Amino acid sequence: MGDKEIGSFPTTPRTGSAAPTPPISAPPSQLHSPSLTRSPLLSTDDHIQPASKTPKSSTPRIRTPRFITPLGSPIRRALKLTRFDPHDAWLPITESRNGNAYYAAFHTLCSGIGIQALVLPVAFTFLGWSWGIITLTVAFIWQLYTLYLLVHLHESPETGMRYSRYLQLCNATFGEKLAKWFALFPILYLSAGTCITLIIIGAQSCRLFFNTVCGGTCSAQPPTNAEWYLIFTSAAVLLSQLPNLNSIAGVSLVGAITAIAYCTLIWVISVVEGRMPGVSYNPVKGRTEVIRIFDILNALGIIAFAFRGHNLILEIQATMPSDEKHPSRVPMWKGVKIAYTLVAMCLFPLAIAGYWAYGQMIPVDGGMLTALFAFHGQDTSQFLLGLTSLCVIISSLSSFQIYGMPAFDDMESLYVKKKKEPSPWWLRLIFRALFGYLCFFAAVAIPFLASFAGLIGGITLPVTLAYPCFMWVKVKKPKVYGPNWWLNWSLGLFGMALSGLLIAASLFVIIDNGVEFSFFNPA
């Protein structure tokens, strides 16, 4: 049977006498099922259940688990006796498959826009008007192209597999050894490191909101900085108890709306209030030419950091149903286009208006949010200032959920693979609380983490701009020396070289300018 071609077959078997049981069959594949239950899909021993009888005239068929989507009869021929892991039906990312283009847009927007956009004007202070806008535009187009590649790499025509996690695609493309060396740390940082940064920014925004609302009228003693961190983390942990990625679609929608709201409020208020007296647009120049070059590279790292979220694209696409007639890449790409249209409408005005209003005076730490309160805290409506802070808090809480989901998935997978059963609710609660409070500990221990935007951008740049190009060449195998081959190799190699330069430049700038290392002293 291994060499026998397996073609398409009728949906309903024809009538006929029973024939001897074929060597392999399986439970019916429910490709159009709107969601996955928490029941086992296949036996934990063989993953494929033999059937008792098969209609005489039916073509021998290979059935796949519900979380594996065959994309057509050539793939069914390629699948043959491949065994699949059924445990995905019990994990947070792939537990539910009822996503759609709108859910994808909510998740993508929530992960693609946020606090990293607030420091974009800082990059302009080193690049100037022309090069700042050109660089931001090129980076936007580049990362949108690599998003397109990832969306189309989610389903492999060669194996019929759906790569539901970024690291899974890296393992399948580069091998587990290379993937661990080059992809594991940036992906882990984009998950855990972003959550730590969100706690820092969210807690600081909580303090700003309290001071704005209360001002000098409240007699209550305000919480300490560490207590604000704890309050924000506890709220994030409580919200993280929603079971899977699809169940937080509403949370992502709220996070996306509030992110758009605070980005718009900040740049509109800055424009309405007008340019600061004595504002200068001359690019900041270092003491030497070497420092000047490193400052420019550090600015490029800040722009690269603004376009994060690629490590979540495959996970978001994994929440959608898919079959040969309705592949998941169609609604996913539709959702991405919607999301990144809105991202562009936020990032470009924020960067341009912020630089126009403050020029070289833009604060390095906190960017536009710090500038808003520092320069306009007294002459702007307290309602608008409080609303802006509240939107930052809500958006940070929402983003914490989607960036924490890969970590939740990894922790639960350890239990699922060992016990061959879904995680009980109490263990899920422990896992997510443990992750949240470990991030809290790190945020309190290193509250200056947000100052390393350029370095972080350099470290994570390959995940966004380089690896998708290499994976496309390896998986899709475009014509050697053809336009597509040259494009992806050039972008991939340039992205890796740029990443190395950005890391070196960011480290130099940090050492040269100095950073106040206030361990266990949250500001």
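Heads up: the structure comes first, above all this text.
Computed from a predicted model, the values in this text were never measured in an experiment.

Trainee: Can you walk me through the overall build of the protein chain in this structure?
Mentor: Across its full length, the protein chain holds 16 helices and two strands. When each of the 523 residues of the protein chain is scored for burial, the buried share is 54%. The long-range fraction of contacts in the protein chain, counting pairs at least 24 apart against all pairs at least 6 apart in sequence, stands at 84%. If you sum the accessible surface of the protein chain, you get close to 22,700 Å²; carbon and sulfur atoms cover 66% of it.

Trainee: Sorry, what's going on with the nonpolar core here?
Mentor: The tendency in soluble globular proteins is for nonpolar side chains to be buried as a group. One finds Tyr 166, Tyr 262 and Leu 347 to be the most contacted residues of the largest nonpolar core, which totals 125 residues. Once you skip the residues sitting within four places of it in the chain, Tyr 262 turns out to touch Gly 114, Ile 115, Leu 118, Thr 388, Cys 391, Val 392 and Ser 395.

Trainee: Would you mind going over the packing of helix α12 (residues 367–376) against helix α13 (residues 382–419) with me for this structure?
Mentor: Between α12 and α13, the shortest axis-to-axis distance is 12 Å and the interhelical angle comes to 160 degrees. Between α12 and α13, the angle is such that the two are roughly antiparallel. As for the relative orientation of α12 and α13, their crossing is left-handed in sense. Residue-level inspection shows Leu 369, Leu 372, Phe 373 and His 376 of α12 in contact with α13, the latter providing Leu 385, Thr 388, Ser 389 and Val 392. A breakdown of the residues in the contact of α12 with α13 according to their chemical character gives five nonpolar, three polar and no charged.

Trainee: Would you mind showing me how to read the pattern of salt bridges here?
Mentor: A side chain of one charge can pair with a side chain of the opposite charge if their charged atoms are brought near each other. Throughout the structure, instances matching the rule amount to four salt bridges. Arg 428 is the partner of Glu 412 in a salt bridge, and the nearest nitrogen-oxygen pair spans 3.0 Å. Taken together, the positions of Glu 412 in helix α13 and Arg 428 in helix α14 (residues 425–445) put the pair 16 residues apart, joining distant regions of the chain. An identical accessibility class is assigned to Glu 412 and Arg 428; each is buried. A salt bridge links Arg 432 to Glu 412; the shortest N-O distance between them is 3.2 Å. Linking Arg 432 in helix α14 with Glu 412 in helix α13, this pair joins segments that are 20 residues apart in sequence. Glu 412 gets classed as buried once you look at its relative accessible area, which sits at 0%. A network of salt bridges, in which partner residues are shared, links Glu 412, Arg 428 and Arg 432.

Trainee: Help me understand helix α7 (residues 225–239), please; the structure alone is not making it clear to me.
Mentor: Under the 1.5 Å per step criterion, the end-to-end length of α7 is 22 Å for 15 residues, consistent within 8% with the ideal 21 Å. Next to the buried residues of α7 lie α6 (184–214), α13 and α14.

Trainee: Before we go on, may I ask you to explain unusual backbone geometry in this structure?
Mentor: Outside of glycine, negative phi angles account for most residues, and trans bonds account for most peptide bonds. Positioned with a positive phi, Lys 477 is a non-glycine residue whose angle comes to about 50 degrees. Residue placement: Lys 477 occurs in the loop between α15 (453–476) and α16 (483–513). The phi torsion at Tyr 481 lies on the positive side, around 65 degrees, for a residue other than glycine. Among the structural elements, Tyr 481 can be located in the loop between α15 and α16.

Trainee: Would you take a moment to explain the packing of helix α3 (residues 120–153) against helix α9 (residues 289–306) for this structure?
Mentor: When two helices pack together, their arrangement is given by the angle between their axes and by how far apart the axes lie. Viewed as axis vectors pointing N to C, α3 and α9 meet at an angle of 60 degrees, and their least axial separation amounts to 9 Å. Taken together, the axes of α3 and α9 are oblique relative to one another. As α3 packs across α9, the resulting crossing turns out to be right-handed. Residue-level inspection shows Leu 120, Val 122, Ala 123, Phe 126, Leu 127, Thr 135, Leu 136 and Ala 139 of α3 in contact with α9, the latter providing Arg 292, Asp 295, Ile 296, Ala 299, Leu 300, Ile 302, Ile 303 and Ala 306.

Trainee: Got a minute to help me understand the environment of Leu 314 in this structure?
Mentor: Tracing the sequence through the fold places Leu 314 in helix α10 (residues 313–317). Relative accessible area serves as the criterion here: at 0%, Leu 314 is assigned to the buried category. For the pair Leu 314 and Glu 155, spaced 159 residues apart in sequence, the C-alpha separation works out to 9.7 Å. Beyond its immediate sequence surroundings of up to four residues, Leu 314 is in contact with Leu 150, His 154, Tyr 163, Ser 164, Arg 165, Tyr 166 and Leu 169.

Trainee: Hey, could you run me through α12 in this one?
Mentor: Along an α-helix, residues three or four apart share an orientation, since each turn contains 3.6 residues. Summarising burial for α12: seven of the ten residues are buried, a large majority. Listed as buried for α12 are Gly 367, Met 368, Leu 369, Ala 371, Leu 372, Phe 373 and His 376. Considering only its buried residues, α12 is in contact with α3, α6, α8 (249–273), α11 (329–358) and α13.

Trainee: Would you take a moment to explain the environment of Phe 440 for this structure?
Mentor: Counting through the fold element by element, Phe 440 comes out in helix α14. The class for Phe 440 is buried, based on a relative accessible area of 19%. For the pair Phe 440 and Ala 226, spaced 214 residues apart in sequence, the C-alpha to C-alpha distance is 9.3 Å. Sequence-distant contacts of Phe 440, defined by excluding residues within four places in its chain, comprise Ile 199, Ala 226, Tyr 229, Leu 230 and Thr 233.

The rules behind the values
By convention here, each chain's residues receive numbers from 1 onward along its written sequence. Under the rules for a predicted model, residues below a pLDDT of 70 receive no local features and side-chain atom pairs below 80 are neither given nor counted, while totals for whole chains, interfaces and linings still include all residues. The basis for every side-chain value is the complete set of non-hydrogen atoms in the structure, without hydrogens or water. Numbering of helices and strands runs from the N terminus, with a helix taken as a DSSP run of H or I at least four residues long and a strand as a DSSP run of E at least two residues long. The classification of residues rests on relative accessible area computed with a 1.4 Å probe and restricted to protein chains. Under 20% of the type maximum is buried, over 50% is exposed, and intermediate values are partly exposed. Any two residues whose heavy atoms approach within 4.5 Å are treated as being in contact. Note on areas: Shrake-Rupley with a 1.4 Å probe; residue coverage comes only from the protein chains shown. Each nonpolar core is a collection of buried residues, namely Ala, Val, Leu, Ile, Met, Phe, Trp, Tyr and Cys, held together in the definition by side-chain atoms within 4.5 Å. Lines fitted to the C-alpha atoms define the axes, with helices restricted to the stretch that makes contact. Angles between their N-to-C directions range from 0 to 180 degrees. In this scheme, roughly parallel covers angles under 35 degrees and roughly antiparallel covers those over 145, while 65 to 115 is roughly perpendicular and the rest are oblique. Crossing handedness is read from the near helix: turned anticlockwise from the far helix by less than a right angle, it gives a left-handed crossing, and turned clockwise, a right-handed one. Gly is put with the polar residues, along with every residue not named as nonpolar or charged; the nonpolar set is Ala, Val, Leu, Ile, Met, Phe, Trp, Tyr, Cys and Pro, and the charged set is Asp, Glu, Lys and Arg. Criterion for a salt bridge: a side-chain nitrogen of Lys or Arg within 4 Å of a carboxyl oxygen of Asp or Glu. Multiplying 1.5 Å by the helix residue count minus one yields the expected span of that helix.

Scope: geometric values only; no functional claims are made or implied.
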